[in-house]
Amino acid sequence: MKTIIEPFRIKSVEPIKMTTKEERLKYIQEANYNLFALRAENVLIDLLTDSGTSSMSAQQWAAMMNGDESYAGSTSYYRFEQAVRNLMPFKYVIPTHQGRAAEKILFSIALKKGDYVPNNTHFDTTRANIEAQGAIAVDLVIPEGKQPELEHPFKGNMDIAKLDAFIQEKGATNIPLCMITITNNSGGGQPVSLQNIKDTKAVCDKHSIPLFIDACRFAENAYFIKTREDAYKDMSIIDIVREIFTHADGCTMSAKKDGLANMGGWLALNQPQWEEQCRNLLILTEGFPTYGGLAGRDLEAIATGLEEVVREDYLQYRIASTQYIGERLTRAGIPIMRPVGGHAVYLDARGFLPHIPPEDYPGQALAVALYIHGGIRGCEIGTVMFGKQPDGSEIMAPMDLVRLAIPRRVYTQSHMDYLLEVIMEVFENKDAIQGMEITWQPDALRHFTAKFDYKQTQSRAA
Ligand code: F0G
């Protein structure tokens, strides 16, 4: 059988409010053409993020009823800790309300002004939390990882030679930790090979620098290792996951991705001196160490989610559904970032809309057109997100992309076929899409709240 089916049945449904193109035109105008300002109920298929948007299983909901809400020593904490350590064998596991809280705690105690933290590519919150300590976040992904059209099985890999040279140049005493993000979200959800994780660890060991994994999409990364790295093709996903984490000294995690939960995260580590300081800071900012900003029921949902996310039938379906979208789009000649990553498909808006120059935000124009035409909500990742500089000037981002992130276990094959149809129809009429301008923006993180209009000020439907 060639067809890979969703390995679940649907017992509880969440209705989608159907809207017309005319209604969507009105909603997006009211939102000043910013998709973050839309009411979610006015979106048909929401691909803004895969974070916190997973469907939970019947087993997760059942486990939540067993949530122990004790302030200290909750049974749910011990179940959570065991579930994490079953996959990631670190000494200490500190729950947090989400991934960025784990980052904030780790960097607050480990970094000082002027330190460096290398990574394949830092996610925005990771970079921002490092910079908030006055330290410098450095991206050292392999050169292939920056070329959208190039095929490579592990485009998230760290550039090992560059990492070694960087450490020698800056000095190991100025690099309190090194990170590697699996999968590399900012680089298109691209995986990192197990060999590359081992090689990164060897360089870190040579210089006595601890290696932390940004583990958000660890299960998807493990599936790519199993299917693309010959040495691991006969190993189970669980064993691959355990092997990954034996090559690290700690990890930060957002349970909103491969925890299959709607909220949560953790920091795990082996160093006792850091652990003590981290727990003290946790009590100050998140909560007592056996709940860390989460309810007991959240800890239960994560513990069960971690058992489900490493199942091979789930991962096969998960990766097949993003590959399916990518293959259909490529066949239709629609420019996307290749190969397709684990959690999202990235449309190349500059290739899609060659008549719109980067200064007229082709990514925003395309994201708005997909919403108006079919009620799809994606996210611009390009000049709107990265173009504004701290001094107020504007530079063009290296790429203008629209990320279509696929929530886990939420949409069916026919939703994806509808998505493909919308993208293809927008592509057929792409010449009618106009560039955009920003009519208002805040000082920082403008993509969340900026207001837009079409460049010639009169609006036009896609
Ligand atoms: N690291 C990576 C690689 C991420 O993708 C994210 C979140 C975080 C850390 C932070 O975790 O949201 O729980 O605080 N990524 C989301 C996204 C927001 O849409 O890609 P968080």
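Residues numbered from 1 in each chain as written. Predicted model: local features only at pLDDT ≥ 70, side-chain atom pairs only at ≥ 80, totals over all residues. Heavy atoms only, no water.

Visitor: How would you explain empty space enclosed by the protein if you had to name every residue and give the values?
Guide: A complete count under the given rule lists three cavities of 30 Å³ or more for this structure. Its volume calculated, the largest cavity comes out at about 70 Å³. Surrounding the largest cavity, Asn34, Leu35, Phe36, Leu48, Gln364, Gly378, Cys379, Glu380, Val384 and His447 form its lining. Its residues assigned to classes, the lining of the largest cavity shows five nonpolar, four polar and one charged. (1 Å grid on protein atoms, 1.4 Å probe; cavity = no way out; pocket = protein on both sides within 12 Å on 5 of 7 lines; lining within 4 Å. Points joined across faces, edges and corners; volume = space filled by probe spheres on them. Nonpolar A, V, L, I, M, F, W, Y, C, P; charged D, E, K, R; others polar.)

Visitor: Go over the site of the ligand, please, and point to the residues and values.
Guide: In the neighbourhood of the ligand, 17 residues make up the surrounding shell, with Thr49, Arg100, Ser254, Lys257 and Arg403 lying closest. A distance of 2.7 Å is found between an oxygen atom of the ligand and a side-chain nitrogen or oxygen belonging to Thr49. Here Arg403 contributes a side-chain N or O atom positioned 2.7 Å from an oxygen atom of the ligand. Its free accessible area being 470 Å², the ligand has 93% of it covered by the protein chains. (Near = heavy atom within 4 Å. Polar contact = N/O pair within 3.5 Å; in protein donor to acceptor, adjacent residues only side chain to side chain. Areas by Shrake-Rupley, 256 points an atom, 1.4 Å probe, with all protein chains shown as cover.)

Visitor: How would you explain the side chain of Asn196 if you had to name every residue and give the values?
Guide: With respect to the helices, strands and loops of the structure, Asn196 is situated in helix H7 (residues 194-206). Setting aside anything within four residues of it in sequence, one finds Asn196 in contact with Asn157, Met158, Ile160 and Ile180. (Helix = DSSP H or I, 4+ residues; strand = E, 2+ residues; numbered from the N terminus. Contact = heavy atoms within 4.5 Å.)

Visitor: Account for the pairing of strand E9 (residues 344-348), naming residues and giving values.
Guide: Sheet faces and side chains relate simply in a regular strand, where the side chains alternate between the two faces. The element E9 is largely enclosed, with a buried count of four among its five residues. Across five bridges, the pairing between E9 and strand E12 (residues 401-405) is antiparallel. Note that in E12 the partner of Asp348 across the bridge is Leu401. (Buried < 20%, exposed > 50% of the residue type's maximum accessible area, 1.4 Å probe, protein only. Pairing = 2+ DSSP bridges.)

Visitor: Could you give an account of the sheet that holds E12, naming the residues involved and the relevant values?
Guide: Within the open sheet, the three strands sit side by side as E9-E12-E11. Their pairing is antiparallel. At either end of the open sheet lies a strand with only one pairing partner, and these are E9 and strand E11 (379-381). Each strand of the sheet is rotated relative to its neighbour by a mean of 30 degrees, with strand direction disregarded. Bridge count for E11 against E12 is three bridges, and the pairing is antiparallel. Its bridge partner being in E12, Glu380 is matched across the sheet by Val402. (Axes fitted to C-alpha atoms, helices over the stretch in contact; angles between N-to-C directions.)

Visitor: Go over the packing of helix H12 (residues 312-331) against helix H16 (residues 413-428), please, and point to the residues and values.
Guide: Between H12 and H16, the shortest axis-to-axis distance is 11 Å and the interhelical angle comes to 30 degrees. Taken together, the axes of H12 and H16 lie roughly parallel to each other. Note on packing geometry: the crossing formed by H12 with H16 is right-handed. For the pair H12 and H16, contact is made by Tyr324, Ile325, Arg328 and Leu329 and by Gln413, Met416, Asp417, Leu419, Leu420, Ile423 and Met424, respectively. For the contact of H12 with H16, a count of residues per class yields eight nonpolar, one polar and two charged. (Parallel < 35°, antiparallel > 145°, perpendicular 65-115°, else oblique. Left-handed = near helix turned anticlockwise from the far one by under 90°.)

Visitor: Explain the environment of Leu48 to me, and be specific about the residues and the numbers.
Guide: One can find Leu48 in the loop between strand E1 (45-46) and helix H2 (58-65). Among residues more than four places away in sequence, those in contact with Leu48 are Phe36, Arg377, Gly378, Cys379, Arg403 and Ala405.

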